[in-house]
Amino acid sequence: MSVNKFQDVSTILFDLDNTLINTKGADRIACEQVSQYLQSVGVRRSTAQEVVHKFYQYVRDTPQNPSDENGDVDAWRLLLWRQALGPGLATRAPTAYSMWCETRARHLHLASDIQDLLLQLRRHYKLGVVTNGPSSSQWEKIRRIPSHFFDAVVVSGDVLQSKPCPAIFEEAFRRLDSAPQECAMVGDRLDTDIAGAVRANCSVTVLLCPDGALELDEEKDPRPDFVITHLRELVDLLPEKKGFSFLCQNRNLGMFHSLREDAPSWSLG
């Protein structure tokens, strides 16, 4: 595939979870920390692992109370811990949840090499995030990303449209003042990131596949234009600086402020 596909790209969209930040890794480390805590208070190792596995599945399947999507996410997660622990260990739920939150938060961040990459890209491209998930849980993670990296963030819980629906991408196009043909999409999932970008007529699709083992169902899976094993490889796909779109040259890094007006403010920490 020729890198010329990027020649007219002025905007790069990124998925959040397991693309920009290692959400699965943070969840795994946090659950292991809780497992060790439970073992320290006399719970058998197999039981402790079963508990954290149950919680992980619960929170992945229903990250927010389905009957009250605007409800207290902390109360909901605490309930999930009680359910995972069962009646005999339910009193451990507050400690388990607190430990899970603190450990997970420490590991939900942009790695230093990803920050360097984004700063490099930002000199020549508009950058956006398009992510699926409840507003509260996604902004909990987004707030941990310094706000100057992105020109727009679109969360499915805010706009009531989810990838692969083209509408969520169209909202990103609008906020970034970009045409679909000017946009590239980078994500880790074929069924949401790549399929949605194709339906929304993005010019380029890039699949992040860390293990390099891409298995396509030719009948239903969209074929990405490029497959990379690390975000750093994105630079190798881009044209030389002299070939960047005129719209992106000598970019004023302060000119785009596309976040929704009522979006929670970002922390720079």
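Calculation criteria
Residues numbered from 1 in each chain as written. Predicted model: local features only at pLDDT ≥ 70, side-chain atom pairs only at ≥ 80, totals over all residues. Heavy atoms only, no water. Axes fitted to C-alpha atoms, helices over the stretch in contact; angles between N-to-C directions. Helix = DSSP H or I, 4+ residues; strand = E, 2+ residues; numbered from the N terminus. Parallel < 35°, antiparallel > 145°, perpendicular 65-115°, else oblique. Left-handed = near helix turned anticlockwise from the far one by under 90°. Contact = heavy atoms within 4.5 Å. Nonpolar A, V, L, I, M, F, W, Y, C, P; charged D, E, K, R; others polar. Phe/Tyr/Trp six-rings, centres within 6.5 Å; stacked < 30°, edge-to-face > 60°. Polar contact = N/O pair within 3.5 Å; in protein donor to acceptor, adjacent residues only side chain to side chain. Buried < 20%, exposed > 50% of the residue type's maximum accessible area, 1.4 Å probe, protein only. Pairing = 2+ DSSP bridges.

A. Quick peek at the packing of helix H2 (residues 45-61) against helix H3 (residues 73-85). As a packed pair, H2 and H3 sit with axes 8 Å apart at the nearest point and diverge in direction by 140 degrees. Judged by the angle between their axes, H2 and H3 are oblique. Like other packed secondary-structure pairs, H2 and H3 cross with a definite hand, here right-handed. Facing Val 51, Val 52, Lys 54, Phe 55, Tyr 58 and Val 59 of H2, the residues of H3 in contact are Arg 77, Leu 80, Trp 81, Gln 83, Ala 84 and Leu 85. Of the residues contributing to the contact of H2 with H3, the split by class is 9 nonpolar, 1 polar and 2 charged.

B. Seen up close, the packing of aromatic side chains. Applying the stated criterion to the full structure yields 5 aromatic pairs. When the centroid spacing of 3.9 Å and the interplanar angle of 10 degrees are considered together, the rings of Phe 55 and Trp 81 count as stacked. With a gap of 26 residues between them, Phe 55 in helix H2 and Trp 81 in helix H3 connect regions that are remote in the sequence. Here the aromatic rings of Tyr 97 and Trp 100 are separated by 6.1 Å at their centres, their planes lie at 25 degrees, and the arrangement is stacked. In this pair, Tyr 97 and Trp 100 are both assigned in helix H4 (residues 93-107), 3 residues apart and thus about one turn of the helix distant. Grouped by ring-pair contacts, the aromatic residues Phe 55, Trp 81, Tyr 97 and Trp 100 constitute a single cluster.

C. Broad picture of the side chain of Lys 163. Inspection of the secondary structure puts Lys 163 in the loop between helix H7 (156-159) and helix H8 (166-176). A polar contact of 2.8 Å, which involves the side chain of Lys 163, links it to the backbone oxygen of Val 130. At 2.6 Å, the side chain of Lys 163 forms a polar contact with the side chain of Asp 193. Those residues in contact with Lys 163 that sit more than four places away from it in its chain are Asp 15, Val 130, Thr 131, Asn 132, Ile 168, Phe 169, Met 185, Thr 192 and Asp 193.

D. Quick peek at the pairing of strand S1 (residues 11-14). Side chains Thr 11 and Leu 13 of S1 all project onto a buried face; the interleaved residues Ile 12 and Phe 14 project onto the opposite face, where all are buried too. With 4 bridges joining them, S1 and strand S4 (residues 183-187) adopt parallel strand pairing. By the bridge assignment for S4, Ile 12 is matched with Ala 184.

E. Region of interest: the sheet that holds S4. If you walk across this open sheet you meet the 6 strands as S3-S2-S1-S4-S5-S6, and the pairing is parallel. With one partner strand each, in any of the chains shown, strand S3 (152-155) and strand S6 (226-228) form the two edges of the open sheet. Strand-to-strand, the axes of this sheet are offset by a mean angle of 20 degrees, without reference to chain direction. Two strands pair when backbone bridges link them, and S4 and strand S5 (residues 204-208) are joined in this way by 4 bridges, in the parallel orientation. Note on S5: the bridge partner recorded for Val 186 is Val 206. Contacting strand S2 (126-131) and S3, helix H6 (residues 135-142) crosses the sheet at an angle of about 150 degrees to S3.

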